[in-house]
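Listed below, chain by chain, are the residues.
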Amino acid sequence: VIMTCRIRNKTECHMTMTAIDMITKFTNPDEYELIVVDPEPIENIRDDYKTLKIDKHLHPYPDPDYTSCMNLGAKEAKGEYFVFIQNDVFVPNNWLPNLRQYIESGKFDVVFAELMPRDRTYVLERDNLDPFDPLCMYEARDAGLIMMTRKIFDKAGGWPEDMSILADAEMYRRLETAGCRQVGTSKVYIAHIMGATNWMQRH
């Protein structure tokens, strides 16, 4: 799990700490490593309750930019699956195995979580469905949280560097060119503030 951030004030710091807490709280520790790429922080991530699981905390200097930070995290990662997550994304219980099942099925290389505003009826209708029911799978995507195989990441050439808001679209193009099979799932609902990571690295 590779988290990118650039912390310029206390609000961003607390947001990041909450995002890490949600990963720690809702993920079995033996199923992941967390790499936090945190260039030039003005406020430091604290672990006042000694609970946060951060396996590697990188502070590249000078700030190499948003997508370069994700590539740096990927170089440090050991696993065969990558999760790229921004520091304004909050995950629910069992999010990791519920995403991973799509890749482990052999049918997909990339999985996106559900972040669209939904009403309670929508959620209840999908709660008891099989994860591979067409109602649980859709084509929407968001770079706030992406799970992908190392193989497709390498084949795509990693994240495009030295780009701003266009980087996400270029990454999707690279994945498609690499033959990526992708899916979104309503079996994992995330909360995403939107834009806090890459926006703050551009301003």
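Below or above, wherever it landed, is the structure these notes cover. (Residues numbered from 1 in each chain as written. Predicted model: local features only at pLDDT ≥ 70, side-chain atom pairs only at ≥ 80, totals over all residues. Heavy atoms only, no water.)

**Things to note about the side chain of Asn87**
Point 1. Relative to the helices and strands, Asn87 resides in the loop between β4 (81-86) and β5 (89-90).
Point 2. Looking at Asn87, its side chain comes within polar contact range of the side chain of Thr16, at 2.7 Å. (Helix = DSSP H or I, 4+ residues; strand = E, 2+ residues; numbered from the N terminus. Polar contact = N/O pair within 3.5 Å; in protein donor to acceptor, adjacent residues only side chain to side chain.)

**Quick look at the side chain of Asp109**
Point 1. Within the secondary structure, Asp109 sits in the loop between α3 (95-104) and β6 (110-114).
Point 2. Residue classification places Asp109 among the buried positions, given a relative accessible area of 11%.
Point 3. Residues within four places of Asp109 in sequence aside, it is in contact with Ile103, Met147, Met148, Thr149, Ile152, Gly179, Cys180 and Arg181. (Buried < 20%, exposed > 50% of the residue type's maximum accessible area, 1.4 Å probe, protein only. Contact = heavy atoms within 4.5 Å.)

**As for the environment of Pro62**
Point 1. With respect to the helices and strands, the residue Pro62 is situated in the loop between β3 (56-58) and α2 (66-76).
Point 2. Taking the C-alpha atoms as reference points, Pro62 and Pro39, 23 residues apart in sequence, are found 7.1 Å from one another.

**What to know about the sheet that holds strand β9 (residues 182-189)**
Point 1. Ordered by their spatial adjacency, eight strands build an open sheet running β3-β2-β1-β4-β8-β6-β9-β7, and the pairing between neighbours is mixed. The open sheet terminates on both sides in strands that have one partner only, identified here as β3 and β7 (137-138).
Point 2. Here strand β1 (residues 2-4) pairs with strand β2 (residues 35-37) via three bridges, running parallel. What sits directly across from Met3, in β2, is Val36.
Point 3. Packed on one face of the sheet, α2 meets β1, β2, β3 and β4 and runs near 155° to β1. (Pairing = 2+ DSSP bridges. Axes fitted to C-alpha atoms, helices over the stretch in contact; angles between N-to-C directions.)

**Brief notes about the layout of surface pockets**
Point 1. Considering only enclosed or pocket space, the largest pocket measures out at about 220 Å³ in volume.
Point 2. Along the walls of the largest pocket sit 14 residues, with Val1, Glu31, Tyr32, Gly79 and Tyr81 positioned nearest its centre.
Point 3. Of all the secondary structure elements, the ones that give two or more residues to the lining of the largest pocket are β4 and α3.
Point 4. Examining the composition of the lining of the largest pocket, we find that three residues originate from one element, β4, more than from any other.
Point 5. In terms of residue class, the lining of the largest pocket is built from nine nonpolar, one polar and four charged. (1 Å grid on protein atoms, 1.4 Å probe; cavity = no way out; pocket = protein on both sides within 12 Å on 5 of 7 lines; lining within 4 Å. Points joined across faces, edges and corners; volume = space filled by probe spheres on them. Nonpolar A, V, L, I, M, F, W, Y, C, P; charged D, E, K, R; others polar.)

**Quick word on the packing of aromatic side chains**
Point 1. Applying the stated criterion across every chain yields a total of seven aromatic pairs.
Point 2. Geometrically, the ring pair formed by Phe82 and Phe153 is edge-to-face, given 5.2 Å between the ring centres and 85° between the ring planes. In this pair, Phe82 is assigned in strand β4 and Phe153 in helix α5 (residues 150-156), connecting sequence segments 71 residues apart. The burial state of Phe82 is the same as that of Phe153; both residues are buried.
Point 3. Between Tyr102 and Phe132 the ring centres are 4.9 Å apart and the planes differ by 50°, which places this aromatic pair in the tilted class. Residue Tyr102 is found in helix α3, and its partner Phe132 is found in the loop between α4 (120-127) and β7; the two are separated by 30 residues along the sequence.
Point 4. Cluster of aromatic residues (ring-pair linked, three or more members): Phe82, Phe84, Phe153 and Trp159. (Phe/Tyr/Trp six-rings, centres within 6.5 Å; stacked < 30°, edge-to-face > 60°.)

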